[in-house]
Amino acid sequence: PSPQQLSVGQLRTILIADHLGALCRRQGFSVSLCPVLEEGSDIIAFLQELGVDWPTVPVGWTNQEREAGLRDALMNSPYRQWVRVDLKRLVREQRLLGYDPNLSPCPVQQEGVAHLAQLQAALSACEGAECSVLHVSTCQQEIRQQQLCVLWRAGGASATQKLLVCGPVKPAGSESEPSAAQYLQLRRAQMREASEMKYGEQMQGQTWGDIIRVMTSATVRFDLLSTAHHSPVTVDVGPGGCVSTKGGRGGVFVLYNCARLATLFSSYDRARQQGLYPDIPDVSQLDFATLKEEVCCVCCVCYVLSPSPFTRAPPDTTACVEVCLCLSLQVCRFLVSLSMNFSSYYNRVHILGEPLPHLFSQMFSRLQLLSAVRELFHSALDTLHIPPLSQL
């Protein structure tokens, strides 16, 4: 569909699939996203605004050979009833779990065949390797997606399939549900308005355009990914809705704290180049016992020394999908929690002290800790395809 036809609920499924793909790749697995889309299309440009790198094919590309083969397999299936496939019988005889036992017979139509042929094309690249297929669907399309899953099996597919059903997205502050394009436009306008109120005439040039784009993407992703995938999400789309560059405890708040870290280390580098501070010593030479502030200890123990929630390696593809489903929610919560603790620490502690030798040990220990915190920010944001900002 075009961005104007795409619902916010469908956008949520795309962002979940994109995030799960990034998490699985982080574990070393190969991931293919389907269906492929025409390069240069409006929907591709729309997804790129949100940092989604969806696979594309040239204009006019066809998959006719696979589609014809799949259509023949379905027409010769033992579950065929004229031009329909008896899904209910297939579910019963193959004892498939998790499917509606009363699925109605499914007609063999071009749209469904084309979609399944693309899945087969993606699987063909995994020959000799264990493959799992994760179908991400809105709750409104759950039955239709179940039909496609079972229809594919009737056509001879044997890959492990899992259906991920996302809860509805409910608009607040508006009587009608906006399209995904309208929702993105609203969030972009809010980001621009909030930034203009703070920076005024400073907002000029391509750099600020890029900053607004990243802020918008972060806001949308945190809107739709901070809630468990099966739960409903309520998004404020009313004309009076406001998203601050500091409040909300969402994506922009995370980016704001990334920018504070970037500013902090830029300030240190400038002072070092001026000869005010020496280089930070090797970590083995630092005395971390000087870090006695409570919030500092929380940052160190909870984030730096504890296992990261986005680097656990499951043993196989099925386990990888299951673990990443849990982690997709944890990443947003992790980033917000990290931001709140860092913000509290940053507001209470003067990190870059006077350029006096007897103060360097504690200052360098603080900088080393915050360097690790910065890496955590960047690593987690990377799984969301949100680039960290150096100014905000």
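Not measured: the values here are computed from a predicted model.

### Brief notes about the overall build of the protein chain
A tally of regular secondary structure across the protein chain gives 12 helices and nine strands. Here the protein chain, with 392 residues, has 47% of them falling under the buried criterion. Put simply, of all contacts in the protein chain between residues at least 6 apart along the chain, 78% involve residues at least 24 apart. Counting only carbon and sulfur atoms, one obtains 50% of the accessible surface of the protein chain, whose full area is about 19,300 Å².

### Structural notes on helix H5 (residues 110–124)
Given 3.6 residues per helical turn, the α-helix brings residues three or four places apart onto the same face. Between its terminal C-alpha atoms H5 stretches 21 Å, which fits the 21 Å expected from 15 residues at 1.5 Å a residue. Every buried residue of H5 is listed here: Gly112, Val113, Ala114, Leu116, Ala117, Gln118, Leu119 and Ala122.

### Concerning the pattern of salt bridges
Taken as a whole, this structure holds seven salt bridges when the rule is applied. Across the salt bridge formed by Asp18 and Arg221, the nearest N and O atoms sit 2.9 Å from each other. Here Asp18, found in helix H1 (residues 8–26), pairs with Arg221, found in helix H8 (residues 205–225); they are 203 residues apart in sequence, far enough to count as distant. Comparing Asp18 with Arg221 shows no difference in burial state: the two are buried. Across the pair Glu49 and Arg188 runs a salt bridge, and its minimum N-O distance is 3.6 Å. Here Arg188 lies in helix H7 (residues 180–199) and Glu49 lies in helix H2 (residues 42–49), a separation of 139 residues in the sequence. Here the salt bridges do not stand alone but share partners, grouping Asp269, Arg272 and Asp279 into one network.

### Quick look at the sheet that holds strand S4 (residues 84–85)
Across the sheet, three strands lie side by side as S3-S4-S5; this open sheet has antiparallel pairing. Strand pairing shows two members of the sheet lacking a second neighbour, strand S3 (80–81) and strand S5 (106–107), which therefore form its edges.

### Notes on the environment of Gln285
Residue position: Gln285 is located in the loop between helix H9 (251–273) and helix H10 (294–304). For Gln285, a relative accessible area of 60% translates into the label exposed. Sequence separation between Gln285 and Ser365 is 80 residues; the distance between their C-alpha atoms is 9.6 Å.

### Here we look at the packing of aromatic side chains
We describe a pair of aromatic rings using the distance from one ring centre to the other and the angle between the two ring planes. Counted according to the given criterion, the structure contains five aromatic pairs. Between Tyr268 and Tyr277, the aromatic rings sit 5.8 Å apart at their centres with planes inclined by 15°, giving stacked as the arrangement. Given the relative accessible area of 3%, Tyr268 is considered buried. Owing to a relative accessible area of 9%, Tyr277 belongs among the buried residues under this scheme.

### Here's the deal with the nonpolar core
Grouped together as the largest cluster of nonpolar side chains are 78 residues, with contacts concentrated most on Leu11, Phe46 and Leu224. Discounting residues that sit within four places of it in the chain, Leu11 has contacts with Leu6, Phe46, Leu50, Ala180, Tyr183, Val220 and Leu224. Ranked by size, the runner-up nonpolar core spans 23 residues in total, among them Leu70, Leu74, Leu90 and Val91.

### What about unusual backbone geometry?
For the bond from Cys34 to Pro35, the omega torsion is 0°, close enough to zero to count as cis. Relative to the helices and strands, Pro35 is located in the loop between H1 and strand S1 (37–38). Phi is positive for Arg95, which is not a glycine, with a value near 50°. Turning to its location among the elements, Arg95 is positioned in the loop between helix H4 (87–93) and S5. The backbone phi angle of His385 is positive, close to 55°, even though this residue is not glycine. Along the chain, His385 falls in the segment after helix H12 (357–383). Residue classification places His385 among the partly exposed residues on the basis of a relative accessible area of 26%.

### Let's talk about the environment of Ser339
Its place among the elements puts Ser339 in helix H11 (residues 317–348). The buried category is assigned to Ser339, whose relative accessible area is 0%. Not counting residues within four places of it along the chain, the set of residues in contact with Ser339 comprises Phe253, Val254, Asn257 and Phe377.

### Thoughts on the confidence of the model for the protein chain
On average, residues of the protein chain score 85 in pLDDT, and 87% of them are at 70 or above. Per-element mean pLDDT across the protein chain ranges from 56 in H10 up to 95 in H2.

### A closer look at the pairing of strand S7 (residues 160–166)
The two faces of a sheet get side chains in turn, since along a regular strand they alternate between them. Two strands pair when backbone bridges link them, and strand S6 (residues 132–138) and S7 are joined in this way by seven bridges, in the parallel orientation. In the sheet register, His135 faces S7, and the bridge partner there is Leu163. Each parallel crossover has a hand, and for S6 linked through helix H6 (residues 142–154) to S7 it is right-handed.

### Quick look at the packing of H9 against H12
Look at H9 against H12: their axes get within 10 Å of each other, and the N-to-C directions meet at 140°. In terms of axis orientation, H9 runs oblique to H12. For H9 against H12, the interelement crossing comes out left-handed. Here Val254, Leu255, Asn257, Cys258, Leu261, Leu264, Phe265 and Tyr268 of H9 come into contact with H12, specifically with Phe364, Leu367, Leu370, Ser371, Val373, Arg374, Phe377 and Leu381. For the contact of H9 with H12, a count of residues per class yields 13 nonpolar, two polar and one charged.

Conventions used here
Residues numbered from 1 in each chain as written. Predicted model: local features only at pLDDT ≥ 70, side-chain atom pairs only at ≥ 80, totals over all residues. Heavy atoms only, no water. Helix = DSSP H or I, 4+ residues; strand = E, 2+ residues; numbered from the N terminus. Buried < 20%, exposed > 50% of the residue type's maximum accessible area, 1.4 Å probe, protein only. Contact = heavy atoms within 4.5 Å. Areas by Shrake-Rupley, 256 points an atom, 1.4 Å probe, with all protein chains shown as cover. Expected span 1.5 Å × (residues − 1). Salt bridge = Lys/Arg side-chain N within 4 Å of Asp/Glu carboxyl O. Pairing = 2+ DSSP bridges. Phe/Tyr/Trp six-rings, centres within 6.5 Å; stacked < 30°, edge-to-face > 60°. Core = buried A, V, L, I, M, F, W, Y, C linked by side-chain atoms within 4.5 Å. pLDDT = per-residue confidence, 0-100. Right-handed = clockwise from strand over helix to strand, strands pointing away. Axes fitted to C-alpha atoms, helices over the stretch in contact; angles between N-to-C directions. Parallel < 35°, antiparallel > 145°, perpendicular 65-115°, else oblique. Left-handed = near helix turned anticlockwise from the far one by under 90°. Nonpolar A, V, L, I, M, F, W, Y, C, P; charged D, E, K, R; others polar.

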